[in-house]
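Summary of the model geometry
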Amino acid sequence: MIALHTQMARTDGYTETLVDDVRLTRSTQSTTKSPVMYEPCIAIALQGRKRTYFGNETMQFDADHYLVVAVPMPFTATTEASPEQPFLGISIRVDRTTLADLMFAIDQSDTEVPAMPKGMMVTRMDERLRDTVQRLLEALNSPLEARVLGPGIVREICFRALMGEQGAAMRAALTSQGQFGRIAKALRRIHADYAADIDVGMLAAEASMSVPAFHVHFKSVTHCSPIQYLKSARLLQARLLMARNDMTAQAASAQVGYESPSQFSREFKRYFGRSPSEEAHAVRRLLSVQPAEAARLI
């Protein structure tokens, strides 16, 4: 699997593949704790390891464990990697339509006791999932197989994750029912338009909760307050815009809803420990996106 990955991802950052929901990741340098936010995804490591710090929880995913993120989550993370042994990973975007279809089929024969939903979890990699991941990498190295077989293999990986050790908790999170579902809807509302004029009262009303109850349930899911989450989401999106799109700090701050560039710079430096320009320069290589090399052979 490492050899197959290396054939496609030769530089640090992200490499697109011929399957839309799949990206390869590579890093030749370790990183210290830094704020990140993952979209709903299944993150698989083939080599190296990452540690995530989420509230009071520390989770590690490596060649024997994969990470599932059910709703967009801000947390801090470290990477263990080196030029001799780079971190090599696969990120699979969670498609809600595919998952809904799979969960409907699973629920028809599911006899498990309902589990508490979790927004983020690490699960041990079993042999059946490992075999499916290898078949995905083999398919990605062939334009024809990627186009014909790739989507089906991605669907199988999602199925294996839903049926894994923590599959019940994952399914509970993705069904968007109960209090967790209301908070998940509020999170999607925030990410739909970072510049929108959003306040906690509005989010609570849309979730049909009182403001105090909304605070309690929001923090139980995200491990931070609604205001902290909104600020984190906007700052992380601004960093992405500067690092990938070469936006200025002023342009990025306006796009995520800041009216005052000076306030943005102060809050950005407090959050990341560096000025916007310093942080954008530091992460530009880590967050670079390369096109799918195999696509040029078609």
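By the naming in an unreviewed UniProt entry, the protein is Helix-turn-helix domain-containing protein, taken from Duganella margarita.

Grouped together as the largest cluster of nonpolar side chains are 90 residues, with contacts concentrated most on Ile42, Ile44, Ile90, Ile92 and Phe214. Looking at which element gives the most residues to this core, the answer is helix H10 (residues 226–245), with 8 residues. Domain assignment of the residues forming this core places at least three in each of domain 1 (1–174) and domain 2 (178–287). Residues in contact with isoleucine 90, not counting those within four places in the same chain, are His5, Val22, Arg23, Leu24, Thr25, Ile42, Ala43, Ile44, Leu46, Val133 and Leu137.

With that settled, consider the packing of aromatic side chains. Overall, the coordinates contain 8 aromatic pairs when judged by the stated rule. With a centroid separation of 5.5 Å and 45° between ring planes, the pair formed by phenylalanine 214 and phenylalanine 218 is classed as tilted. Of the two residues, phenylalanine 214 and phenylalanine 218 are both situated in helix H9 (residues 211–222); the distance of 4 residues between them amounts to about one turn of the helix. By relative accessible area, phenylalanine 218 is classed as buried at 0%. Ring geometry for phenylalanine 218 versus tyrosine 229: centroids 5.5 Å apart, planes at 85°, classification edge-to-face. With phenylalanine 218 in helix H9 and tyrosine 229 in helix H10, the pair connects residues that are 11 residues apart, well separated along the chain. Residue class for tyrosine 229 comes out buried when judged on its relative accessible area of 0%. Linked through ring pairs, Tyr258, Phe264, Phe268, Tyr271 and Phe272 together constitute an aromatic cluster.

At 3.6 residues per turn, the α-helix brings residues three or four places apart onto the same side. The first and last C-alpha atoms of helix H2 (residues 96–109) sit 20 Å apart over 14 residues, in line with the 20 Å expected at 1.5 Å per residue. Of the positions making up H2, those classed as buried are Leu99, Leu102, Met103 and Ile106. When H2 is viewed along its axis, its buried side chains cluster within an angular range of 100° and face the same direction. Among the exposed residues of H2, those oriented more than 90 degrees off its buried face are Thr97, Phe104 and Gln108.

What follows deals with the sheet that holds strand E8 (residues 73–80). Taken in spatial order, the 4 strands of this open sheet run E3-E8-E5-E6, and their pairing is antiparallel. Looking at the sheet topology across the chains shown, the edges are occupied by strand E3 (31–38) and strand E6 (57–61). Mean inter-strand twist for the sheet, computed between neighbouring axes without regard to direction, equals 30°. Two strands pair when backbone bridges link them, and strand E5 (residues 49–54) and E6 are joined in this way by 5 bridges, in the antiparallel orientation. What sits directly across from phenylalanine 54, in E6, is glutamate 57. Sheet strands touched by H10: E3 and E8. Its angle to E3, the strand with the most contacts, is close to 105°.

This brings us to the domain arrangement of the protein. Domain boundaries in the protein define domain 1 (1–174) and domain 2 (178–287). Placing the centre of domain 1 and that of domain 2 at their C-alpha centroids yields a distance of 24 Å. Listed per partner, the contact involves 24 residues of domain 1 and 20 residues of domain 2. Here domain 1 and domain 2 share an interface that buries about 1,700 Å² over both sides, 66% of which is from carbon and sulfur atoms. Between domain 1 and domain 2 we count 0 salt bridges in total. Taken together, the links from domain 1 to domain 2 amount to 4 residue pairs in polar contact (both at pLDDT 80 or more). Among the secondary structure elements, those contributing two or more residues to the side of domain 1 that touches domain 2 are strand E1 (13–16), strand E2 (22–27), E3 and E8. Split by residue class, the side of domain 1 that touches domain 2 holds 11 nonpolar, 8 polar and 5 charged.

Looking now at the UniProt feature "domain: HTH araC/xylS-type" (unreviewed entry) in the protein. The sites that carry the UniProt feature "domain: HTH araC/xylS-type" (unreviewed entry) are, in the present numbering, residues 184–282. Taken end to end, residues 184–282 has its terminal C-alpha atoms 31 Å apart, with 75% of it in helix and 0% in strand.

In space, the 7 strands of this open sheet follow the order E10-E7-E4-E9-E2-E1-E11, with mixed pairing throughout. Strands with a single pairing partner mark the edges of an open sheet, and in this sheet they are strand E10 (120–124) and strand E11 (289–290).

Analysis parameters
Residues numbered from 1 in each chain as written. Predicted model: local features only at pLDDT ≥ 70, side-chain atom pairs only at ≥ 80, totals over all residues. Heavy atoms only, no water. Core = buried A, V, L, I, M, F, W, Y, C linked by side-chain atoms within 4.5 Å. Buried < 20%, exposed > 50% of the residue type's maximum accessible area, 1.4 Å probe, protein only. Helix = DSSP H or I, 4+ residues; strand = E, 2+ residues; numbered from the N terminus. Domains from an automatic or database assignment. Contact = heavy atoms within 4.5 Å. Phe/Tyr/Trp six-rings, centres within 6.5 Å; stacked < 30°, edge-to-face > 60°. Expected span 1.5 Å × (residues − 1). Arc of directions from axis to C-beta. Pairing = 2+ DSSP bridges. Axes fitted to C-alpha atoms, helices over the stretch in contact; angles between N-to-C directions. Buried area = accessible area lost by both parts, 1.4 Å probe. Salt bridge = Lys/Arg side-chain N within 4 Å of Asp/Glu carboxyl O. Polar contact = N/O pair within 3.5 Å; in protein donor to acceptor, adjacent residues only side chain to side chain. Nonpolar A, V, L, I, M, F, W, Y, C, P; charged D, E, K, R; others polar. UniProt positions renumbered as here; feature names shortened; annotations may be inferred.

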